[in-house]
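Chain by chain, the residues run as shown.
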Amino acid sequence: MNFKTPVELAEGACLAAETKSRRTVAQLLVLGTLAGAYIAFGGFFMLIVTQDLAGFAGVGVSRLMGGGAFSLGLMLVVVAGGELFTGNCMMPLGTLAGCAPLGKVLRNWFWVYVANALGSLVVLFLLHRAGLLRGAVAANALKIAVAKTSLTVGEAFCRGILCNWLVVLAVWMSMAATDIAGKLLAILFPITAFVASGFEHCVANFFLIPAGLLAAGEGAEALLSPARLSLGGLFRNLVPVTAGNIVGGVLFVAVAYFFVFRDRLRRSDGP
């Protein structure tokens, strides 16, 4: 076969968790910033593609095309290299197998989460200064941000679970491929599905909601935007979405596959 089996993927995920848990804070900050920037590139690509497509081809087609465009972000992370918080929700598989201590996994999550936010905001700043967040693109960003910050806590949490179940599966399946084309194809459909379905991704929201704030006005005036589009709305979205992303990746991928393959994964010298 020219692809890895599920049990080989589980073994590879343990090795990856061990490697990630040993990275220095400096490495996590650089790789995390790059990953946040890559997701922001995907987010902006989605804004460009969908800015006028809904009225022309319909909402469903617009979401489908936007999801395909957004998949650029994870493709860059996986192929070019990066530390993505949502993808790293697979790391507890290594903890359960004795390859990656929980404390080091939590350390990874903290610094990568911070760096992902930083990378997203750097790209947003550059796009704003370049004059690219204007007109129909700005209106699209504002519409998306208002919709995201108007979700209830329960809605945001459940959409976060569904999202990262697919995102971590996209990373998982990309590990099965032995060439770049296979990796890209494995990423394309799960990411397109999560975007088209309206699920919530915390790292994407590091870019999309602040983009809406910028589109609504300049500086503090952005906080006067309608509905719940404010800094408070940003955090009301991010907290439940992040919690949901953790549950989706850890429970439905890491824990599930450890349960199935635990006899092959446990280390005799584990903690």
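Refer to the structure presented above.
Attention here is on the structure that accompanies the text. What you are looking at is a predicted structure, and each value in this text was computed from that prediction instead of being measured. (Residues numbered from 1 in each chain as written. Predicted model: local features only at pLDDT ≥ 70, side-chain atom pairs only at ≥ 80, totals over all residues. Heavy atoms only, no water.)

Focus on the pattern of salt bridges
When the charged atoms of two side chains with opposite charge come close together, those side chains can pair.
For step 1, the next point in the chain: Across all of its chains, the model carries five salt bridges by this definition.
For step 2, the next point in the chain: A salt bridge links E11 to R264; the shortest N-O distance between them is 2.8 Å. Note that E11 is positioned in helix α1 (residues 6–21) and R264 in helix α12 (residues 231–265), a separation of 253 residues in sequence.
For step 3, the next point in the chain: For E11, a relative accessible area of 30% puts it in the partly exposed group.
For step 4, the next point in the chain: Taking the relative accessible area as the measure of exposure, R264 reaches 51% and is therefore exposed. (Salt bridge = Lys/Arg side-chain N within 4 Å of Asp/Glu carboxyl O. Helix = DSSP H or I, 4+ residues; strand = E, 2+ residues; numbered from the N terminus. Buried < 20%, exposed > 50% of the residue type's maximum accessible area, 1.4 Å probe, protein only.)

Some points on a nonpolar patch on the surface
For step 1, the next point in the chain: Taken together, the side chains of L96, L162, W165, L251, F252 and V255 present a nonpolar region at the surface, about 450 Å² in accessible area.
For step 2, the next point in the chain: Secondary-structure elements contributing two or more residues to the nonpolar patch are α9 (153–174) and α12.
For step 3, the next point in the chain: By residue number, the principal contributor to the nonpolar patch is α12, which donates three residues.
For step 4, the next point in the chain: As for its placement among the helices and strands, L162 is situated in helix α9. (Patch = residues over 30% accessible without salt bridge, like charges linked within 9 Å, V, L, I, M, F, W, Y side chains within 5 Å. Areas by Shrake-Rupley, 256 points an atom, 1.4 Å probe, with all protein chains shown as cover.)

Some thoughts on helix α7 (residues 102–129)
For step 1, the next point in the chain: The terminal C-alpha atoms of α7 lie 41 Å apart, and with 28 residues this matches the ideal 40 Å at 1.5 Å per residue to within 8%.
For step 2, the next point in the chain: Considered for burial, the residues of α7 that qualify are V105, N108, W109, V112, A115, N116, A117, G119, S120, V123, L124 and L127.
For step 3, the next point in the chain: Looking at the buried side of α7, the elements it contacts are α1, α2 (25–50), α6 (92–97), α11 (202–216) and α12.
For step 4, the next point in the chain: Looking one or two residues beyond α7, the residue adopting positive phi is G131, at roughly 75°. (Expected span 1.5 Å × (residues − 1). Contact = heavy atoms within 4.5 Å.)

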